[in-house]
Amino acid sequence: MAVPLIQQIRVGAYILGKKLKGEARYPLVLMLEPLFRCNLACPGCGKIDYEDDILNRRLSVDECLQAVDECGAPVVSIPGGEPLLHREIDQIVAGIVARKKFVYLCTNGLLLEKKLDLFKPSPYLTFSVHLDGLEAEHDRAVDQPGTFKRAIAAIRLAKSKGFRVNVNCTLFDHVTAEQAADFFDFAINDIDVEGITISPGFAYERAPDQEHFLGRTRTKNLFREIFRIGKKRGSRWRFSQSTLFMDFLAGNQSYRCTPWGNPTRNVFGWQKPCYLLGEGYARSFRELMDTTDWDSYGTGNYEKCADCMVHCGYEPTAVTDTVSHPLKALAVFLRGFRTEGPLAPEIPLDKQRPAEFVFESLVERLKREAKAGAETQSDAA
Ligand code: SF4
């Protein structure tokens, strides 16, 4: 099963509990980025184009676990950077598992074989290995030959030792529907992963390659084509995302994002408003929730959000919709995704506010503050 039953029950109960308490905004998945440093430099990545003093920063084990406690989300995803480069990643994961939270450790797989002995198999731990397609497409997407083979060897080893493994795939416009379908067949039938997490890429302001991100209409048409191929082949793909999120990708649901659903804690603080956009930082989770002007973000509200259909923004919307309308979700699950007919209405963009390019000045300010903090500490010592 792509998502363990215990996780589905726990997350469903958590959402119902929040609804009963009348909480309008609550987190589902904490995006915990303990470092930005990576051992790859993918052209579509918006995370690693920082100077060394930022790439060398790490969240400590205590800071990570404090973020988990502060946020309270039932699921913790650990992206990066490459989390396996963090020297204490085993302690971070063990601390989260001990709290009975579901951890998705996102990795490019290059260090997984070497570091596997640091971890213990658990229903609470899933390795989410980033693969952007079969060998040729993946190695091209990460700009390094040989990475696919190493990641696949690591996945096979992890599975043989009893670990749960997912693949995490980002689609860009040079991948055809046929190639994506071949990759899904391979992931399920050959390496037999628990599930596939899939999302269109996001046009990060700092990504070196700005040309190959999919727009919303192209994303929907691509997913319809992928699902048509899957139906024709009789493929039985297991996605580790909700049925309604996949239906949204196929253009059958009109959703607005839930940016507070996957809050991000990284070396700068709590990122405003979401994992994809860094337009400010709060010092605590509560401050993030209380001081972010949520209405000024999202497709239709902000130019930078115009093309976003990424899972960290829309999966929380789909999951909440599933809990509120289980029969609708069941009907889609039983019938399959509609791949013909009109697309669900799109959010109009005519009232969106123009993009603000605040990132460089924000990073400069954070660097100055960090330097001033370090000097104060050394004066006091
Ligand atoms: S649409 Fe929502 S999830 Fe996507 S970048 Fe904008 S605020 Fe973030």
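Everything below is about the structure printed above this text.
Here the structure is a predicted model, which means the values were calculated and not measured. (Residues numbered from 1 in each chain as written. Predicted model: local features only at pLDDT ≥ 70, side-chain atom pairs only at ≥ 80, totals over all residues. Heavy atoms only, no water.)

Enquirer: Residue-level account of the overall build of the protein, with values.
Expert: Assigned secondary structure in the protein consists of 14 helices and 9 strands. Against the 2.2 N^0.38 benchmark of 21 Å for 381 residues, the protein shows a C-alpha radius of gyration of 20 Å, consistent with a compact globule. Taken along the three principal axes of its C-alpha coordinates, the protein extends 70 × 50 × 45 Å. Relative to its full complement of 381 residues, the protein shows a buried share of 57%. (Helix = DSSP H or I, 4+ residues; strand = E, 2+ residues; numbered from the N terminus. Rg over C-alpha atoms; globule rule 2.2 N^0.38 Å. Buried < 20%, exposed > 50% of the residue type's maximum accessible area, 1.4 Å probe, protein only.)

Enquirer: Tell me about a nonpolar patch on the surface, and name the residues and values.
Expert: A cluster of nonpolar side chains, namely Leu327, Leu330, Phe333 and Leu334, defines an oily patch on the protein surface of about 490 Å² accessible area. Take leucine 334: it is sitting in helix H13 (residues 326-335). (Patch = residues over 30% accessible without salt bridge, like charges linked within 9 Å, V, L, I, M, F, W, Y side chains within 5 Å. Areas by Shrake-Rupley, 256 points an atom, 1.4 Å probe, with all protein chains shown as cover. Salt bridge = Lys/Arg side-chain N within 4 Å of Asp/Glu carboxyl O.)

Enquirer: Please provide a residue-by-residue account of the packing of aromatic side chains, values included.
Expert: According to the stated counting rule, one finds 22 aromatic pairs in the structure shown. When the ring of phenylalanine 148 is compared with that of phenylalanine 186, the centres are 5.8 Å apart and the planes differ by 35 degrees; the resulting orientation is tilted. Taken together, the residues span a long stretch of sequence, with phenylalanine 148 in helix H7 (residues 147-160) and phenylalanine 186 in helix H8 (residues 177-190) at a distance of 38 residues. The same class applies to phenylalanine 148 and to phenylalanine 186, which are both buried. Centroid distance tryptophan 237 to phenylalanine 239: 6.3 Å. Interplanar angle 75 degrees. Geometry classified as edge-to-face. Neither residue differs from the other here; tryptophan 237 and phenylalanine 239 are each classed as buried. (Phe/Tyr/Trp six-rings, centres within 6.5 Å; stacked < 30°, edge-to-face > 60°.)

Enquirer: Can you break down the environment of serine 284 residue by residue, with the values?
Expert: Secondary-structure assignment places serine 284 in the loop between strand E9 (278-282) and helix H11 (285-291). The partly exposed category is assigned to serine 284, whose relative accessible area is 22%. Sequence separation of serine 284 and alanine 67 is 217 residues, and the distance between their C-alpha atoms is 8.3 Å.

Enquirer: Describe unusual backbone geometry, with residues and values.
Expert: Note the cis peptide between lysine 272 and proline 273, where omega equals -5 degrees. You can see proline 273 is positioned in strand E8 (residues 269-273). Phi at lysine 100 takes a positive value of approximately 60 degrees, unusual for a residue other than glycine. For aspartate 143, which is not glycine, the phi torsion reads 60 degrees and is therefore positive. Structurally, aspartate 143 can be placed in the loop between helix H6 (135-141) and H7. A residue is classified by how much of its surface remains accessible, and aspartate 143, at 55% relative accessible area, is exposed.

Enquirer: Hey, could you go over the site of the ligand for me, with residue numbers and the actual values?
Expert: Close to the ligand lie Phe202, Cys257, Cys274, Leu276, Leu277, Tyr297, Gly298, Thr299, Cys305, Cys308, Gly313 and Tyr314, which account for all nearby residues. Residues that form the shell around the ligand fall into these classes: 9 nonpolar, 3 polar and no charged. (Near = heavy atom within 4 Å. Nonpolar A, V, L, I, M, F, W, Y, C, P; charged D, E, K, R; others polar.)

Geometric descriptors of this kind do not, in isolation, establish any biological role.
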